[in-house]
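One-letter residues, chain by chain:
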Amino acid sequence: MDKVKEVSIRRCKNRPVKAIAKELGMNREDVEKIISKLIRDTNPYLDELVKGRKINTITIDISPLVEKSNFTKEYAQTLLNDDRVLDYIAMKRGDHHDRLMDCIRYHVFLLMG
């Protein structure tokens, strides 16, 4: 399995960078580089996806949705069609330390690839 997917699976499980690096036998900096690249690569897509979106609620828990992901393009499409996820993206896309956003970014990456 590729490193991007390995890191992303762990971010979907709400794991911190330090723990991911240890689990995968990687340097923390390399894990951060993978996450930073995902952020750069997916930002334009996410910006367009939620452009002009009015957020329906302030409190959004998308954990159950990302936790049951099977990391396929089909699930990525399902995830990104969910209004709760779109609201979450609209609120959090600028937070580059949000673990669930990192998970969402991987699903966007799957659709872009």
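The following paragraphs examine the structure supplied in this document. (Residues numbered from 1 in each chain as written. Predicted model: local features only at pLDDT ≥ 70, side-chain atom pairs only at ≥ 80, totals over all residues. Heavy atoms only, no water.)

1. Describing helix α7 (residues 99–112)
What counts here: Runs of H or I in DSSP of at least four residues are treated as helices and runs of E of at least two as strands, each being numbered from the N terminus. Any helix carries an expected span of 1.5 Å times its number of residues minus one. When a residue's accessible area, from a 1.4 Å probe over protein chains only, is under 20% of the maximum for its type it is buried; when over 50% it is exposed; and in between it is partly exposed. The contact criterion used is simple: two residues touch if any of their non-hydrogen atoms lie within 4.5 Å. In protein, a polar contact means a hydrogen-donor-capable atom and an acceptor-capable atom, both N or O and within 3.5 Å, with residues adjacent in sequence counting only if both atoms are side-chain atoms; elsewhere, any N or O pair within 3.5 Å suffices.
When the terminal C-alpha atoms of α7 are compared, their 20 Å separation across 14 residues agrees well with the 20 Å that a helix rising 1.5 Å per residue should span. Counting buried residues in α7 gives 10 out of 14 residues, a clear majority hidden from the surface. Of the residues making up α7, those classed as buried are L100, M101, D102, C103, I104, R105, Y106, H107, V108 and L110. Buried residues belonging to α7 abut α1 (3–12), α3 (28–49), α4 (63–67), α5 (73–80) and α6 (83–92). For α7, the N-terminal cap is D98; the gap from its side-chain oxygen to the backbone nitrogen of L100 is 3.1 Å.

2. Description of the pattern of salt bridges
Formally: One speaks of a salt bridge when a side-chain nitrogen belonging to Lys or Arg is within 4 Å of a carboxyl oxygen belonging to Asp or Glu.
All chains considered together, the criterion is met by 10 salt bridges. Here D87 ties to R53 by a salt bridge, and the two come within 2.8 Å at their closest N and O atoms. Note that D87 is positioned in helix α6 and R53 in the loop between α3 and α4, a separation of 34 residues in sequence. Taking the relative accessible area as the measure of exposure, D87 reaches 3% and is therefore buried. The closest approach of N and O atoms between R84 and D82, which form a salt bridge, is 2.8 Å. Given the relative accessible area of 18%, D82 is considered buried. Because the salt bridges share partners, they merge into one network encompassing E6, R10, R15 and E23.

3. Re the state of the cysteines
Selection criterion: Cysteine sulfur atoms that pair up within 2.5 Å are treated as a disulfide.
If you walk through the whole model with that rule in mind, you get one disulfide. Sulfur-sulfur distance for the disulfide between C12 and C103 comes to 1.8 Å. On the S-S bond that ties C12 to C103, the torsion sits near 90 degrees, and the link is right-handed. In this pair, C12 is assigned in helix α1 and C103 in helix α7, connecting sequence segments 91 residues apart. The class of C12 is buried, set by a relative accessible area of 2%. Owing to a relative accessible area of 0%, C103 belongs among the buried residues under this scheme.

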